[in-house]
Amino acid sequence: MDKAALRARALAARALGGDQEALSRHLMAALAPHGTEVLSGYWPMRGEPDPRAAMLAHAGPVCLPVVPGKAVPLVFRQWDGEALVPGPFGTSHPPDSQPILTPTVLIVPLAGFDRRGNRIGYGGGYYDRTLQLLRETGDVTAIGLAFGVQELLEIPADPYDQPLDLIVTDGGAIQPRP
Ligand SMILES: Nc1nc2c(c(=O)[nH]1)N(C=O)[C@@H](CNc1ccc(C(=O)N[C@@H](CCC(=O)O)C(=O)O)cc1)CN2
Ligand SMILES: Nc1ncnc2c1ncn2[C@@H]1O[C@H](COP(=O)(O)OP(=O)(O)OP(=O)(O)O)[C@@H](O)[C@H]1O
């Protein structure tokens with residue numbers, strides 16, 4: 001199956017949802033070792049699992065992704081609970097008055113994942129570009145967040161695909177194995 005077909009299948013599965021409460025619990029446990037690091041979360045849309053309870057529980061600064069344009073890496077603005085403004089593709093992000101932060105731990109949204117840590121998103125390559133950039137300059141932990149039903153047997157990895165360091169589902173944390 002090609003990536004577009006895998007994406008469609010995973011998105012259909014995601015619409016079934018899962019145990020949001022268990023997912024939040026496992027996400028908080030996964031973030032606990034990251035103490036006061038700068039955390040990037042995301043603002044859920046289109047049936048994505050909701051990371052906001054874990055974002056609010058995080059001891060360090062929290063930021064949200066901003067899409068600055070087509071085919072460029074994401075930037076991240078600090079989120080202190082203020083109202084968000086609408087961005088492209090149905091996204092919401094902090095206002096431009098909020099400072100830009102560089103996260104060292106990211107909660108990464110996804111359509112589908114496999115046990116090797118490969119992920120499929122919406123096809124824009126935003127997280128691939130962003131993780132490549134962040135990994136060139138420092139140590140980052142990318143935590144994919146998904147309902148268990150979003151698991152795919154095998155995602156064909158392209159050279160530009162940036163793997164996940166950990167996957168958290170409502171069934172628990174999955175450590176990717178090659
Ligand atoms: N909640 C959330 N926020 C996020 C993401 C995400 O996946 N989830 N992103 C993750 O990257 C970034 C936004 N990226 C996105 C990229 C494309 C589309 C999208 O809807 N694409 C269209 C096709 C657009 C086109 O190329 O014309 C589509 O899927 O129909 C949505 C979000 C940053 N913020
Ligand atoms: N580091 C990069 N530099 C340049 N182009 C890139 C890079 N990473 C990805 N791309 C481009 O972006 C697109 C990514 O497609 P892919 O289907 O892998 O996206 P995705 O992982 O589903 O999207 P996202 O990361 O936004 O969730 C491809 O067209 C690819 O050429």
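The present account deals with the structure reproduced in this document. Predicted model only: the values in this text are computed from it and were never measured.

We now examine the site of ligand 2. The environment of ligand 2 is made up of 15 residues, and the closest members are Gly121, Gly125, Tyr127, Asp128 and Tyr160. In terms of residue class, the shell around ligand 2 is built from 5 nonpolar, 5 polar and 5 charged.

On to the nonpolar core, then. Leu27, Leu106, Val108, Ala142, Ile143, Leu145 and Val168 are the most contacted members of the largest nonpolar core, which has 41 residues in total. Elements with a minimum of two residues in this core: helix H1 (3–14), helix H2 (20–31), helix H3 (52–57), strand S2 (62–66), strand S6 (105–108), helix H4 (126–137), strand S9 (141–145) and strand S10 (166–169).

Read from one edge of the open sheet, 7 strands run S3-S2-S1-S6-S9-S10-S11, paired in mixed fashion. Unpaired on one side and paired on the other, strand S3 (75–78) and strand S11 (172–174) mark the two borders of the sheet. Inspection of the sheet shows S10 paired to S11 by 3 bridges, in the antiparallel sense. In the sheet register, Ile167 faces S11, and the bridge partner there is Ile174. Across the sheet, H2 lies against strand S1 (39–40), S6, S9, S10 and S11, angled at about 150° from S10, the strand it touches most.

Take the site of ligand 1 next. Lining the immediate environment of ligand 1, one finds 16 residues, of which Phe89, Pro109, Tyr122, Gly124 and Tyr126 sit closest. Residue composition of the shell around ligand 1, by class: 12 nonpolar, 3 polar and 1 charged.

A separate point is H2. Compared with an ideal rise of 1.5 Å per residue, which puts 12 residues at 16 Å, H2 spans 16 Å between its outermost C-alpha atoms and is within 8% of the ideal. On its buried face, H2 is in contact with S1, H3, S6, S9, S10 and S11.

Negative phi characterises most residues that are not glycine, and trans characterises most peptide bonds. A positive phi angle, near 50°, is found at Arg46, a position not held by glycine. For Arg46, the location among the structural elements is in the loop between S1 and H3. At Ala71, a position not held by glycine, the phi torsion is positive, near 60°. Turning to its location among the elements, Ala71 is positioned in the loop between S2 and S3. Look at Ala71 and you get exposed, because 8 C-beta atoms sit within 10 Å.

So, about H1. In this model, H1 (12 residues) spans 16 Å end to end at C-alpha, consistent with the 16 Å of a helix rising 1.5 Å per residue. Restricting attention to buried positions, one finds in H1 the residues Leu6, Arg7, Ala10 and Arg14. The buried residues of H1 occupy one face: seen down the axis, they fall within an arc of 100°. Away from its buried face, by an angle of more than 90 degrees, H1 presents the exposed residues Ala4, Ala5 and Ala12. Against the buried residues of H1 lie strand S7 (112–113) and strand S8 (119–120).

What counts, and at which threshold
Residues numbered from 1 in each chain as written. Chains lettered and ligands numbered in written order. Predicted model: local features only at pLDDT ≥ 70, side-chain atom pairs only at ≥ 80, totals over all residues. Near = placed C-beta within 6 Å. Nonpolar A, V, L, I, M, F, W, Y, C, P; charged D, E, K, R; others polar. Core = buried A, V, L, I, M, F, W, Y, C linked by C-beta atoms within 7 Å. Buried ≥ 20, exposed ≤ 12 C-beta atoms within 10 Å, placed from the backbone. Helix = DSSP H or I, 4+ residues; strand = E, 2+ residues; numbered from the N terminus. Pairing = 2+ DSSP bridges. Contact = placed C-beta atoms within 7 Å. Axes fitted to C-alpha atoms, helices over the stretch in contact; angles between N-to-C directions. Expected span 1.5 Å × (residues − 1). Arc of directions from axis to C-beta.

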